[in-house]
Amino acid sequence: KRDVYFACSKFETNENRTKGNVKAIKAFWMDLDCGESKAKVNPKTKYQSAYISNPPDMSGFNAPDKGKVSATGMFQNAADVVYSAAGSTGLGTHQAAAAIKGKWSIGVDADEALYPANAKVKQAILTSALKNVDVGVNSFLTDVYNNKFTPGAHFFGLANGGVGFSTTGNHLSASVVSQVKAL
């Protein structure tokens, strides 16, 4: 088991969320990215990023071949872990990690190690960042049913189960799991 730290920032409001193209992707990236602004966590850590396509071209969310090329380049440029938030393009990221000993990929939205399409590469999936949409939907429906719903923004994070991470494969140490759960 390895101590790999990937939890980087709390979910926060930022005026940049409402500016520019592909608002949702930029907001997602700002919330989850461990980029240069977080380098103080470990100053020796280097970060790389790439987009498979740019708006209005959304083909980058369904291009495993391009994901594999991009991730392979990052691994060749000394990356240890690649986190791909790009739909089925992530399969290519997992394939690249599985092809190079000691490299890892991180899935997104659901436990990608459990996807049948990833069966041959699941040993390289370190974890997945889970977007537990069901928690928000259940909260909304329960509040409506009980006549307690209040309009406005409702936030779901680690503390209330709105997001999480997978431990399938048992690749994360108990120390990392407990530290992330304590956030």
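Everything below is about the structure shown above.
Computed from a predicted model, the values in this text were never measured in an experiment.

Draft legend 1. Looking closely at the sheet that holds strand E4 (residues 163–165). On the basis of which strands lie adjacent, the open sheet formed by four strands has the order E1-E2-E3-E4 and mixed pairing. Each edge of the sheet is formed by a strand with only one pairing partner; in this case those strands are strand E1 (81–83) and E4. Each adjacent strand pair in this sheet contributes to an overall mean axis angle of 15°, direction not counted. Bridge count between strand E2 (residues 104–109) and strand E3 (residues 125–131): five bridges; the pairing is parallel. Within the sheet, the bridge partner assigned to Gly-107 lies in E3 and is Ser-128.

Draft legend 2. Quick look at helix H3 (residues 90–99). Of all the positions in H3, only Gly-90, Gly-92, Thr-93, His-94, Ala-96 and Ala-97 are classed as buried. Along its buried surface, H3 packs onto helix H2 (64–76), E1, E2 and E3.

Draft legend 3. Broad picture of the packing of H2 against H3. Contact geometry of H2 with H3 gives a least axis separation of 6 Å together with a crossing angle of 40°. Here H3 runs oblique to H2, going by the angle between their axes. Remark: the crossing between H2 and H3 carries right-handed chirality. For the pair formed by H2 and H3, the contact residues are Pro-64, Gly-67, Lys-68, Ala-71, Thr-72 and Phe-75 on the first element and Leu-91, Gly-92, Thr-93, Gln-95, Ala-96 and Ala-97 on the second. By residue class, the composition of the contact of H2 with H3 is six nonpolar, five polar and one charged.

Draft legend 4. How the structure looks around unusual backbone geometry. At Asp-109, a residue that is not glycine, the phi angle is positive and equals roughly 80°. Its identity as a non-glycine residue notwithstanding, Asn-147 has a phi of 60°, on the positive side. Within the secondary structure, Asn-147 sits in the loop between helix H4 (133–145) and E4.

Draft legend 5. Broad picture of the side chain of Ser-166. With respect to the secondary-structure elements, Ser-166 resides in the loop between E4 and helix H5 (174–181). The class of Ser-166 is buried, set by a relative accessible area of 5%. Aside from chain neighbours lying at most four places away, what touches Ser-166 is Asp-111, Thr-127, Ser-128, Leu-130 and Leu-172.

Draft legend 6. Representation of the environment of Leu-183 in the model. Structurally, the position occupied by Leu-183 is in the segment after H5. The exposure class assigned to Leu-183 is exposed, which follows from its relative accessible area of 59%.

Draft legend 7. Here's a closer look at the pattern of salt bridges. Inspection of every chain in the model, using the stated rule, returns two salt bridges. Of the charged contacts in the structure, one is a salt bridge between Asp-80 and Lys-103, with a shortest N-O distance of 3.7 Å. Here the residue Asp-80 occupies a position in the loop between H2 and E1, and Lys-103 occupies one in the loop between H3 and E2, the gap between them amounting to 23 residues. Classification of Asp-80 by relative accessible area gives partly exposed; the value is 43%. Residue Asp-109 pairs with Lys-131 through a salt bridge whose shortest N-O separation is 3.2 Å. With Asp-109 in strand E2 and Lys-131 in strand E3, the pair connects residues that are 22 residues apart, well separated along the chain.

Calculation notes
Residues numbered from 1 in each chain as written. Predicted model: local features only at pLDDT ≥ 70, side-chain atom pairs only at ≥ 80, totals over all residues. Heavy atoms only, no water. Pairing = 2+ DSSP bridges. Helix = DSSP H or I, 4+ residues; strand = E, 2+ residues; numbered from the N terminus. Axes fitted to C-alpha atoms, helices over the stretch in contact; angles between N-to-C directions. Buried < 20%, exposed > 50% of the residue type's maximum accessible area, 1.4 Å probe, protein only. Contact = heavy atoms within 4.5 Å. Parallel < 35°, antiparallel > 145°, perpendicular 65-115°, else oblique. Left-handed = near helix turned anticlockwise from the far one by under 90°. Nonpolar A, V, L, I, M, F, W, Y, C, P; charged D, E, K, R; others polar. Salt bridge = Lys/Arg side-chain N within 4 Å of Asp/Glu carboxyl O.

Nothing here speaks to function; it is all geometry.
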